[in-house]
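Chain by chain, the residues run as shown.
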Amino acid sequence: MTVTVLSCLAELLGKAAAGNSHTAAPTAAVLWPDKDRQWEPAIGLMRQAMPNLLTLGNYDVASRSGPAIWLKCAMAGLMPELPLTAVPVLYLPGVSRAGLRAIGSCPRDLQPLAELQYRGVFWSQTNGKDWSVSAFLASASGGLGLDVVQDRATQEALAQALVAGVLLDQNVEELKARQINAEWLLSLLAPNPTRDLLAWMNAPQGTQQEWTGVRWDVFCRRAKSDFGFDPVADGPLVAAEKLTRRDGKWAAVAELYRDSYVSFPDVLPLLRTVRPPQLGLFPDMDQLAGYPQANEQGEVSLRYALSASAAMDAVQARAAILAVEKEHGARRGWLWSRMGQAPLASALGHLARLAEFSAAAPIGNTPAELAARYQQSGWQVDDAATQAMGAVHTKADTDAVGAAVRAVYLPWLEEAAKRLQEAVKKVGGLPPLSGAPDLSTTEAGTCTVFVDGLRYDVAQRLHARLEGLGTTALAARWTSMPSVTASGKAWCSPVAGLVSGMAEDTEFEPRVAGDGKPLSSHNFRKLLSENGVQPLDKHETGDSRGRGWTESGDLDHYGHEHGVRLARDVDAQLGQVVERVQELLDAGWRRIRIVTDHGWLLVPGGLPKTELPRHQAETRWGRCAVLKDTAHGTPLTFGWDWCKDVQVAYAPGVSSFIAGADYAHGGLSLQECLVPVLDLATAVPSASAQVTINAVIWKGLRCVVEVDSTATGLTVDVRTKPALAASSLVASAKPLDAGKASVAVADDDNLGAAAVVVVLAADGQVLQKQATTVGGN
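This section reports on the structure supplied with the text.

Conventions we followed
- Residues numbered from 1 in each chain as written.
- Predicted model: local features only at pLDDT ≥ 70, side-chain atom pairs only at ≥ 80, totals over all residues.
- Heavy atoms only, no water.
- Core = buried A, V, L, I, M, F, W, Y, C linked by side-chain atoms within 4.5 Å.
- Buried < 20%, exposed > 50% of the residue type's maximum accessible area, 1.4 Å probe, protein only.
- Contact = heavy atoms within 4.5 Å.
- Helix = DSSP H or I, 4+ residues; strand = E, 2+ residues; numbered from the N terminus.
- Pairing = 2+ DSSP bridges.
- Axes fitted to C-alpha atoms, helices over the stretch in contact; angles between N-to-C directions.
- Salt bridge = Lys/Arg side-chain N within 4 Å of Asp/Glu carboxyl O.
- Expected span 1.5 Å × (residues − 1).

Side chains that are nonpolar tend, in soluble globular proteins, to be buried together. Counting residues in each nonpolar core, the largest one holds 108 residues, and the members touching the most others are Leu351, Ile592 and Ile594. Those residues in contact with Ile594 that lie beyond four places of it in its chain are Val449, Val451, Leu454, Leu462, Leu466, Val577, Val581, Pro676, Val677 and Leu678. Core analysis: the second largest hydrophobic core is formed by 41 residues, Ala42, Trp123, Val133 and Leu175 among them.

So this is what it looks like as structure tokens:
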């Protein structure tokens, strides 16, 4: 449901009617004074949204208007023709709050309402002033908190927009994304035949009824003169044909629709009725771009072509994907792709990358050489496959893309895994990579963020999202063998050197080396604390001057739970990590190190099944198993990194001991074992972490700010937007003197307004901020 200015106005008046829940008596009425009669032109529209709205004025039952004594009777339920089902709102044009409160000088015709100030509530600004239209839109304290220019031209345009009825219908979410100024308001009032044409196409009958009279006549004349189209004689179907062809001035209509299609949701079904032209053997795809039917036919054709790749080998499938990319790739530039109507065309872009990158597996004779090649380019194969699977939602599309991905991706995965496994067999394990980060020691001011299942290609995405927060560096290292959480989490922690394993630890959970206790969550946190690392729960930020450990994201659990759907929701999972990192940075942490325990394999249709007799396994996972003492080793058997006495058998290639798993880890592959280490260092001066606002004290319009900081050259300002100097409410920012600064708000109209106290460095950078209300403590 669209939230409009009118619906917000009605909601806020309703909240005012709720009154104070701690009082014994319910609210009798909401008094809405409007000395300047700013809202009066729109009261008729407001009555439709608020059936409990009554107006002080001449007697007129139809408009729910009457003198004071009549309003009192209506409130008392003495008017059968005017039933009230909610607390009445009394709109009082020409009456101020102050005038009604001054009972001694209150006009005689208002005196019946004066006592309602004790039984009812005023709907006014927090500073006691009447709500003007501008104040209601701009104020963050009881209003909508929008960005409204306060010049005279804008105020006059606001009044005109209210009279014309266009202001109250505006979508509040759209208003939040823009500045409300005179130019924009006048553009609402001025004729816009291009937009009017789309509005009419979106709802022909309703729009004609709404525009009855002069506005409809003007629209028809402009349509004929500007677009060669008669809305009455030609109708919406002819308009749809002209819009799809985009000839002449209809190109401007098509461009506006491309930019604003969300505002015209019912134009798309109308355009779907238009059949595209037949263009022969060598069609110009641009001529079909305006036709939804052409896009839908393309999706059907592409779905069939991708599904057919299930019966092809990798070479054939790559060729087929690149062939359909030439045919359908252009559709990603069509409007219908932006509207989410071409998911297969979107996925095809990633499939084409997958087909190109997967033509050759990583090259190398040692684990280190294979790791280097994977970091250079191999990860892009995994990224392309995951992005392709994540671009589609319906079962039919998921099956088609999954067939294409499996045909080219699985053979590449298998070959890459076998090359790594052969290299590992030669050296008996995964030797540490040269230059890999040392995770056993971290500097003061560093918080380690553990993300379960952060695969290297996904870390590349996270890397891109964090670059704007500071200086980033992405490296890689081998995780523990096998690549499972119980083993790998401790492996990437700052206390890894204090952990060991025993032969009976067949579930891969190591122990605290000092006392032999299992490394449970409790004991792990205890070990961190004992070694100077703060274990931080969700949203805890700790002491940013020390060292910390926290956990974020849910990639591994989500993969086990949802399989291939993980590809679709990777970005949402990374969003949680970004939010946590930002939270830590805001708390003063200057360095963030993101680590993980393992990667994973994700293959639509499931990993190939391999056999391991049950009698040989002590415990069996999808990609690995602990062998019994009596069992003979498999070709891929290695000791557990925490205790070599625990013999672990690995599934060959990318196969699984358990059938049907789309998502798995624990095996020997670059995707599972080569894990990222992502470091982030902020560019914020170290003084920022030491700035604390201890107190903000208001004395009228003067604000005294007390700050604790070792930095010098700091100043204090009061703004409506913390990072925007132009939003300052004071005459000038004041320097800190002995930890204090006193600033004065220049305009008393700002009394009660929401604001932010900011502490600034010498270069103007905001080092600390605190929300406040002008004039209030």
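Attention shifts here to unusual backbone geometry. Working note: non-glycine residues mostly have negative phi, and peptide bonds are mostly trans. Looking along the chain, the bond that leaves Met481 and enters Pro482 is cis, with omega of 0°. Within the element layout of this structure, Pro482 appears in the loop between β9 (471-478) and α24 (485-491). The phi angle at Arg246 is positive, at roughly 60°, despite the residue not being glycine. Arg246 gets classed as partly exposed once you look at its relative accessible area, which sits at 29%.

Read across the open sheet, the four strands follow the order β16-β17-β19-β18; overall the sheet is antiparallel. Single-partner strands in this sheet number two, and they are β16 (617-620) and β18 (637-640). Across the sheet, the mean angle from the axis of one strand to that of its neighbour is 35°, orientation sign disregarded. Pairing analysis gives three bridges linking β16 to strand β17 (residues 624-627), with the strands arranged antiparallel. Note that in β17 the partner of Ala617 across the bridge is Leu627.

Moving on, we come to the sheet that holds strand β1 (residues 30-34). In a beta sheet, neighbouring strands are held together by backbone hydrogen bonds and run either parallel or antiparallel to one another. Strands sit in the order β3-β2-β4-β1-β5 across an open sheet of five strands; the sheet is parallel. Where the open sheet ends on each side, the last strands, each with one partner, are β3 (65-66) and β5 (121-122). The strands that helix α1 (residues 5-18) touches are β1, β4 (89-93) and β5; relative to β1, the one it contacts most, it runs at about 130°. Each of β2 (53-56), β3 and β4 touches helix α3 (residues 68-75); the most contacted strand, β2, lies at about 160° to it.

A separate point is the pattern of salt bridges. For the structure shown, the criterion picks out 33 salt bridges. The partner of Asp749 in a salt bridge is Lys129, with the nearest N and O atoms 2.8 Å apart. Here the residue Asp749 occupies a position in the loop between β26 (740-744) and β27 (754-760), and Lys129 occupies one in the loop between β5 and α7 (133-138), the gap between them amounting to 620 residues. Judged by relative accessible area, Lys129 falls into the partly exposed class, the value being 37%. Between Glu672 and Arg623 there is a salt bridge whose closest N-O contact spans 2.8 Å. Taken as a pair, Glu672 in helix α28 (residues 670-673) and Arg623 in the loop between β16 and β17 lie far apart in primary sequence, 49 residues in all. Exposure remark for Arg623: the relative accessible area of 0% places this residue in the buried category. In this structure, a network of salt bridges that share partners links the residues Arg353, Asp383, Arg461 and Asp571.

Further remarks concern the side chain of Ser124. Mapped onto the elements of the fold, Ser124 is located in the loop between β5 and α7. Residue Ser124 is classed as buried on the basis of its relative accessible area, which comes to 12%. Excluding residues that lie within four positions of it along the chain, Ser124 makes contacts with Pro33, Arg97, Lys129 and Trp131.

When the terminal C-alpha atoms of α1 are compared, their 20 Å separation across 14 residues agrees well with the 20 Å that a helix rising 1.5 Å per residue should span. Listed in full, the buried residues belonging to α1 are Val5, Leu6, Cys8, Leu9, Ala10, Leu12, Leu13, Ala16 and Ala17. Its buried side turned inward, α1 meets β1, α2 (43-49), β4, β5, α7 and α9 (172-176).

Before going further, it helps to examine the side chain of Ser487. Relative to the helices and strands, Ser487 is located in helix α24. In this structure, Ser487 is in contact with Ser480, Pro482, Phe508, Pro510, Trp640 and Trp642, ignoring residues within four places of it in sequence.

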